[in-house]
Amino acid sequence: MVRCSLCDRDAVVRIGYARLRLCRAHLREYLVRRVRRTIERYEMIGQGDRVLVAVSGGKDSSAMLSLLAALSGELGFEVVPFHLDLGIGSYSEASRRAVEELSGMLGLKPLVVSVRDVLGVGVPELARRAGRPACAVCGVVKRYFLNAAAVVLGFDVVAVGHTADDVSAYVLKAFLTQDWGSLAKTSPVNEAVDGLAARRVKPLFEVHEKEILAYVLSWGLPFVGDACPYAKLSTLVFDCRRALAMLERRRPGLRLSLIRGVVRSRGIFPGSEEPVRACSECGLISSGEMCSFCHLTASALGEPMGAEVIECSSQLSIG
Ligand code: SF4
Ligand code: ZN
Ligand code: ZN
């Protein structure tokens, strides 16, 4: 076994761009410090803020919840886990169990909402009826339920577990497909829009998944290791992830310089000033007359269901 660079214990991970090998205790310290610096650098969360943390049950969001819980006392914010049961068979059941177990370990009570309870169908059936790929529908559903809960329950911030690996892959894909609008929107923080959308932040924006995996494994944090049955390994964004992983091995720090560079210069890409308004059906954020969730449910289920999600969110109890 290789030694930790900072003490005599065995290292559990090698961090190439920082030229460090760290044991589990120093890895935790390193990640807490890194997330604290990310929160401060991008002014993500203020003192007294109430933060709704999206936890899927996967390794990234489980690590994020644990790290935010560790920082909440010192930085003076409140953390509430939010889990959306997507209705994807045994995968969703295992995800829900992992979130409940982790929340229990951290002394937190999660808010859990089931897509099937609110819409009458889970994500796979909703996608089938809409005639769209499961992941496209899932993205719209997850974003909508999370924002609705945050707005209705008065949270200041929602936190999502996108990592440096995720963001850099989306950036590379956007360059390859000349999707300048996506590059213009690449940001660790999307500001709140009064009454329509809560502030959305990515505390793991500068953290790599290799470090996260070593963290959750070495600390025994519950998470679902199996991939969702709808995850596709043949997409362009997945190829971008693989290419960037290879480049990062040869040139440590490349992912971070890519995403920091795009954030610094995103104003030069067309599409940064997209207008927003209130959805005519549900009243939450929309870029057109009706929001994408009301559109989706109107076409798949015969009526827009935003109001049902808002009603369900208002009945969630925190405490
Ligand atoms: Fe949803 Fe697709 Fe992720 Fe499965 S792989 S959880 S369907 S976005
Ligand atoms: Zn150490
Ligand atoms: Zn709507």
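As shown above, the structure is provided for reference.
Residues numbered from 1 in each chain as written. Chains lettered and ligands numbered in written order. Predicted model: local features only at pLDDT ≥ 70, side-chain atom pairs only at ≥ 80, totals over all residues. Heavy atoms only, no water.

Visitor: Looking at this structure, I do not really get the overall build of the chain. What am I missing?
Guide: Per the secondary structure count, the chain includes 13 helices and 10 strands. Here the C-alpha radius of gyration of the chain, 20 Å, is about what a compact globule of 319 residues would show, namely 20 Å. Here the C-alpha coordinates of the chain stretch approximately 60 × 45 × 40 Å along the principal axes. The buried share of the chain, reckoned over its 319 residues, is 48%. Sequence-distant contacts, at least 24 apart, represent 70% of the contacts inside the chain between residues at least 6 apart. Carbon and sulfur atoms make up 50% of the accessible area of the chain, which totals about 15,100 Å². Separation of charge centres in the chain, based on 40 positive and 34 negative side chains, amounts to 9 Å. (Helix = DSSP H or I, 4+ residues; strand = E, 2+ residues; numbered from the N terminus. Rg over C-alpha atoms; globule rule 2.2 N^0.38 Å. Buried < 20%, exposed > 50% of the residue type's maximum accessible area, 1.4 Å probe, protein only. Contact = heavy atoms within 4.5 Å. Areas by Shrake-Rupley, 256 points an atom, 1.4 Å probe, with all protein chains shown as cover. Lys, Arg positive; Asp, Glu negative; His and termini not counted. Charge placed at Lys NZ, Arg CZ, Asp CG, Glu CD.)

Visitor: Help me understand the environment of Cys135, please; the structure alone is not making it clear to me.
Guide: Relative to the helices and strands, Cys135 resides in helix 6 (residues 134–153). Linking Cys135 and Tyr230, residues 95 residues apart in sequence, is a C-alpha distance of 7.1 Å.

Visitor: Looking at this structure, how should I read the sheet that holds strand 7 (residues 189–190)?
Guide: Adjacent strands of a sheet pair through backbone hydrogen bonds, lying either parallel or antiparallel. Read across the sheet, six strands follow the order 5-4-3-6-8-7 without closing on themselves; strand pairing throughout is mixed. Both edges of this open sheet fall to strand 5 (111–114) and strand 7, since each of them pairs with a single strand only. For strand 7 and strand 8 (residues 199–201), the ladder comprises two bridges, and the chain directions are antiparallel. From the neighbouring strand, Asn190 faces strand 8, where its bridge partner is Arg200. Of the strands in this sheet, strand 4 (78–85) and strand 5 are in contact with helix 3 (residues 89–105), which crosses strand 4 at around 165 degrees. Across the sheet, helix 6 is in contact with strand 3 (50–54), strand 4, strand 5, strand 6 (157–159) and strand 8; its angle to strand 4 comes to roughly 140 degrees. (Pairing = 2+ DSSP bridges. Axes fitted to C-alpha atoms, helices over the stretch in contact; angles between N-to-C directions.)

Visitor: Explanation requested: the coordination of the zinc ion (ligand 3) in the structure shown.
Guide: For a metal with four donors in a tetrahedral arrangement, the ideal angle between donors is 109.5 degrees, while six donors in an octahedron ideally sit at 90 or 180 degrees. Within the protein, the zinc ion (ligand 3) binds to Cys279 (SG), Cys282 (SG), Cys291 (SG) and Cys294 (SG); these donor distances fall in the range 2.3 to 2.4 Å. In this structure, the zinc ion (ligand 3) is coordinated by four donor atoms arranged in tetrahedral fashion, with angles at the metal of 104 to 115 degrees. Each donor residue of the zinc ion (ligand 3) lies on the same chain, and together they follow the pattern C-x2-C-x8-C-x2-C. Neither Cys291 nor Cys294 differs from the other in exposure class; each is buried. (Donors = N, O, S within 2.8 Å, 3.2 Å for Na, K, Ca; no water. Tetrahedral: all angles 85-135°; square planar, octahedral: opposite > 155°, others 65-115°.)

Visitor: Would you take a moment to explain the coordination of the zinc ion (ligand 2) for this structure?
Guide: For the zinc ion (ligand 2), the protein coordination sphere consists of Cys4 (SG), Cys7 (SG), Cys23 (SG) and His26 (ND1), at 2.1 to 2.3 Å. Each of the four donor atoms bound to the zinc ion (ligand 2) contributes to angles spanning 101 to 113 degrees, and the resulting shape is tetrahedral. Sequence positions of the donors to the zinc ion (ligand 2) reduce to the motif C-x2-C-x15-C-x2-H. Of the two residues, Cys4 is situated in the segment before strand 1 (13–15) and Cys23 in the loop between strand 2 (20–22) and helix 1 (24–41); the sequence distance between them amounts to 19 residues. Considered together, Cys4 and Cys23 belong to a single accessibility category, that of buried residues.

Visitor: Can you walk me through the site of ligand 1 in this structure?
Guide: The environment of ligand 1 is formed by Leu86, Cys135, Cys138, Lys142, Cys228, Tyr230 and Ala231. Here the shell around ligand 1 is built from residues that sort into six nonpolar, no polar and one charged. (Near = heavy atom within 4 Å. Nonpolar A, V, L, I, M, F, W, Y, C, P; charged D, E, K, R; others polar.)

Visitor: What should I look at first to understand the pairing of strand 4 in this one?
Guide: The side chains of a regular strand alternate, residue by residue, between the two faces of the sheet. Within strand 4, seven of the eight residues are buried, which leaves it mostly tucked inside the rest of the structure. Since strand 3 and strand 4 lie parallel, the crossover through helix 2 (residues 59–75) that links them has a hand, and here it is right-handed. (Right-handed = clockwise from strand over helix to strand, strands pointing away.)

Visitor: Would you take a moment to explain the packing of helix 7 (residues 164–176) against helix 11 (residues 254–265) for this structure?
Guide: The geometry of a pair of packed helices is captured by two quantities: the angle between their axes and the separation between those axes. Look at helix 7 against helix 11: their axes get within 9 Å of each other, and the N-to-C directions meet at 65 degrees. Judged by the sense of rotation from one axis to the other, the crossing of helix 7 with helix 11 is left-handed. In this structure, helix 7 contributes Ala164, Asp165, Val167, Ser168, Val171 and Phe175 to the contact, and helix 11 contributes Arg255, Leu256, Leu258, Ile259 and Val262. Tallied by class, the residues present in the contact of helix 7 with helix 11 amount to eight nonpolar, one polar and two charged. (Left-handed = near helix turned anticlockwise from the far one by under 90°.)

Visitor: Looking at this structure, I do not really get helix 7. What am I missing?
Guide: Given 3.6 residues to a turn, an α-helix orients residues that are three or four positions apart in the same direction. The terminal C-alpha atoms of helix 7, which comprises 13 residues, lie 18 Å apart, in line with the 18 Å expected from a rise of 1.5 Å per residue. Among all positions of helix 7, only Ala164, Asp165, Asp166, Val167, Ser168, Ala169, Val171 and Ala174 are buried. Next to the buried residues of helix 7 lie helix 2, helix 8 (180–185), helix 9 (209–218), helix 10 (236–250) and helix 11. Positive backbone phi, at 55 degrees, marks Gln178, one or two positions downstream of helix 7. (Expected span 1.5 Å × (residues − 1).)

Visitor: Help me understand unusual backbone geometry in this model?
Guide: With glycine set apart, most residues show a phi of negative sign, and most peptide bonds adopt trans. Non-glycine residue Glu43 carries a positive phi angle of around 50 degrees. Counting through the fold element by element, Glu43 comes out in the loop between helix 1 and strand 3. Accessibility expressed as a relative area gives 62% for Glu43, which makes it exposed. The residue Gln178 is not glycine, and still its phi comes out positive at about 55 degrees. With respect to the helices and strands, the residue Gln178 is situated in the loop between helix 7 and helix 8.

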